[in-house]
Amino acid sequence: MATEELPPLASDIKRVVILGGGIAGSLLAKSLQFRADIFLVDPKEYFEIPWASLRAMVEPSFAERTVINHSDYLTNGKLVVSTAVNIRDNEVLTSSGQWIAYDYLVIATGHLDHVPKTRTERLEQYQAESEKIKSANSILIVGGGPTGVELAGEIVVDFPDKKVTLVHRGSRLLEFIGAKASKKALDWLTSKKVEVLLNQSVDINTASDGTYQTSGGETIRADCHFVCTGKPIGSSWLKDTILKDNLDGHGKLVVDDNLRVRGLKNVFAIGDITAIPEIQQGYLAQRHAVVAAKNIKMLMSGEKETKLATYKPGSAIAIVSLGRRDAVAQLPFATICGCIPGMIKSRDLFVGKTRKQMGLKPTLT
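Residues numbered from 1 in each chain as written. Predicted model: local features only at pLDDT ≥ 70, side-chain atom pairs only at ≥ 80, totals over all residues. Heavy atoms only, no water.

**Q** Hey, could you run me through the nonpolar core in this one?
**A** Ranked by internal contacts, the top residues of the largest apolar core, which has 66 residues, are Val 16, Leu 19, Ile 87 and Ile 107. Taken together, the elements giving at least two residues each to this core come down to β2 (15-19), α1 (23-32), β3 (37-42), β7 (84-88), β10 (104-107), β17 (267-269) and α8 (282-300). Take this core: its biggest share by element is 10 residues, from α8. Looking at which domains feed residues into this core, each of domain 1 (15-43 + 82-113 + 231-307) and domain 2 (119-230 + 317-358) gives three or more. Excluding anything up to four places from it in sequence, Ile 107 contacts Leu 19, Ile 87, Leu 238, Leu 243, Leu 253, Val 267, Phe 268, Ala 269, Ile 270 and Ile 273. Of all hydrophobic cores here, the second largest spans 37 residues; its members include Ile 133, Leu 151, Cys 224 and Ile 279. (Core = buried A, V, L, I, M, F, W, Y, C linked by side-chain atoms within 4.5 Å. Buried < 20%, exposed > 50% of the residue type's maximum accessible area, 1.4 Å probe, protein only. Helix = DSSP H or I, 4+ residues; strand = E, 2+ residues; numbered from the N terminus. Domains from an automatic or database assignment. Contact = heavy atoms within 4.5 Å.)

What follows is the structure in C-alpha cells.
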C-alpha cells in the first residue's frame with residue numbers, strides 16, 4: 001500500500017487527530033476546532049444521533065434531523081473519510097495510506113457498525129427499513145437489550161395491529177440495568193401484546209420461508225426480522241499498534257482519571273471503547289468528550305498536569321424509550337415507567353438538545 005506523509009506540524013498550533021466520528025468524537029472535534037488543527041478520521045461522511053435511530057426506522061423523515069454531515073458542524077477542521085489501521089509515536093496510518101502526524105490523539109472508535117458511507121445512502125436505508133416494517137404483518141426482533149426493547153416499542157405504538165415477537169437469550173430484558181426496570185419494560189411490552197421469549201436464541205441463518213426455530217424448540221412465523229444484539233468494540237485493530245498493551249481482556253482501552261490512555265501523556269480515549277466501569281450510554285460519552293476537550297485545551301495552553309479535569313464514572317441512571325410517549329427510567333431514588341420519564345426522553349429523544357450542542361438549529365427549516 002502506498003503511503004502519503006502529511007506536512008510536518010507547525011510549531012505554533014497543535015494538531016489533534018480524532019479517530020471516530022460518533023457521539024463522542026464528533027462533539028470533541030466540534031469543541032476543539034477553533035483551538036487546534038483538527039483531523040477527524042471517520043469511515044462515513046456524517047455523524048448520527050445513535051439513540052434516535054430506532055425512531056427513524058418507523059418514521060424515516062425523523063432521520064433528516066438525526067443524520068448530520070460532519071461538514072455541517074466541523075467548519076474549521078479536516079475530515080478524512082477513512083479508518084485508522086495503525087498508530088505509532090505521533091503518527092496515525094489510515095486505510096487510504098495516509099500517515100497523519102499528531103500532537104494529541106483521541107481514540108473514539110466505539111463499536112463496529114456497518115453503515116453506509118454517505119448521508120443520502122443512510123437516509124435511503126432508513127426508508128427501506130420503514131417499508132420493510134410497514135409491509136410486514138409479523139415481525140421478529142432478536143435481542144432484548146435497549147435496542148431490541150426500544151425498537152419493539154416504536155413498532156407496536158406506531159403499528160399496533162402488527163404481531164411482534166422478541167427473543168432474548170438472557171433471563172430478563174435490559175440486563176445492563178436493574179431487575180425492577182427489566183420487569184416494568186416486560187410488563188409494558190406484554191400489555192401491548194408483544195410476545196417475549198426469554199432464555200432462548202434464534203439462528204437467523206437457518207430460517208426458511210419466514211419460519212424461525214428457537215433454541216428452546218419453539219417455532220416463530222414472521223414476515224421479517226431485525227437483529228438487535230450487541231456490536232463488537234471497534235478496537236481489534238489496536239492489537240497491532242503501540243496501544244496493544246493498554247487493552248483490557250474485553251478489548252477496551254484502560255484510561256486514567258483524565259481520560260488519557262494509561263501511561264501516555266498525549267493519547268486520550270473516550271466513549272464506549274474505554275474500560276471505565278459505567279453503563280455505556282450516549283450522554284456519558286458526551287461527558288467524556290467535554291472532559292477530554294477541557295484537558296487538551298489546558299495541555300495546549302501549558303497548564304500543569306495537576307490541574308487537569310478528572311472524570312468520575314456515571315451513576316446507574318438510564319432511560320429506555322417505549323414508543324413515543326412512555327419510557328422506563330432507572331434513577332438513583334426510584335425506578336418508574338410511563339409518561340413521566342417518557343416526557344423527558346421519548347417525545348424528541350433529545351434530538352433538538354443534541355443538535356444545539358453541535359451548534360445546529362434544533363429543527364430543520
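**Q** For this particular structure, what's the right way to read the sheet that holds strand β11 (residues 138-142)?
**A** Note on sheets: strands pair through backbone hydrogen bonds, and any given pair is parallel or antiparallel. Within the open sheet, the 4 strands sit side by side as β13-β12-β11-β16. Their pairing is parallel. At either margin of the open sheet sits one strand with a lone partner, and together these are β13 (195-197) and β16 (224-227). Strand-to-strand twist across the sheet, computed as the mean angle between neighbouring axes with direction ignored, equals 15°. Across 3 bridges, the pairing between strand β12 (residues 163-167) and β13 is parallel. The partner of Leu 166 across the bridge, within β13, is Val 196. Contacts from helix α6 (residues 146-158) reach β11, β12 and β16 within the one sheet, and its direction differs from that of β12 by about 175°. (Pairing = 2+ DSSP bridges. Axes fitted to C-alpha atoms, helices over the stretch in contact; angles between N-to-C directions.)

**Q** Would you mind showing me how to read the state of the cysteines here?
**A** In a disulfide, the sulfur atoms of two cysteines are covalently bonded to one another. Overall, the coordinates contain 0 disulfides when judged by the stated rule. In this model Cys 224 remains outside any disulfide bridge; the closest cysteine sulfur is found in Cys 228, 11 Å from its own. Take Cys 224: its relative accessible area is 6%, and that puts it in the buried class. For Cys 228, a relative accessible area of 11% translates into the label buried. (Disulfide = S-S within 2.5 Å.)

**Q** Teacher, can you tell me more about the UniProt feature "domain: FAD/NAD(P)-binding" (unreviewed entry) in the chain here?
**A** Annotation from UniProt places "domain: FAD/NAD(P)-binding" (unreviewed entry) at residues 15-288. Annotated as 27% helix and 23% strand, the span residues 15-288 places its first and last C-alpha atoms 20 Å apart. (UniProt positions renumbered as here; feature names shortened; annotations may be inferred.)

**Q** Explain the packing of aromatic side chains here, please?
**A** Within a pair of aromatic rings, the relevant descriptors are the distance that separates the centres and the angle that separates the planes. Scanning all chains against the criterion turns up 1 aromatic pair. Ring geometry for Phe 47 versus Tyr 73: centroids 6.3 Å apart, planes at 75°, classification edge-to-face. Of this pair, Phe 47 sits in strand β4 (residues 46-48) while Tyr 73 sits in helix α4 (residues 70-73); the two residues are 26 residues apart in sequence, bridging distant segments of the chain. You can call Phe 47 buried: its relative accessible area is 0%. Positioned above the aromatic ring of Phe 226 is the side chain of Lys 132, whose terminal nitrogen or guanidinium carbon lies 4.3 Å from the ring centre. Positioned above the aromatic ring of Phe 350 is the side chain of Lys 353, whose terminal nitrogen or guanidinium carbon lies 6.0 Å from the ring centre. (Phe/Tyr/Trp six-rings, centres within 6.5 Å; stacked < 30°, edge-to-face > 60°. Lys NZ or Arg CZ within 6 Å of the ring centre and 35° of its normal.)

**Q** Looking at this model, I keep getting lost on the pattern of salt bridges. Mind explaining?
**A** Opposite charge on two side chains permits pairing when their charged atoms draw close. Here the structure, examined in full by the defined rule, presents 17 salt bridges. Two residues, Lys 44 and Asp 42, come together in a salt bridge whose shortest N-O distance is 3.0 Å. For the pair shown, Lys 44 and Asp 42 are each scored as buried. Its salt-bridge partner being Asp 256, residue Arg 260 comes within 3.8 Å of it at the nearest N-O pair. Three or more residues joined by partner-sharing salt bridges are found here, namely Asp 256, Arg 260, Lys 265 and Glu 305. (Salt bridge = Lys/Arg side-chain N within 4 Å of Asp/Glu carboxyl O.)

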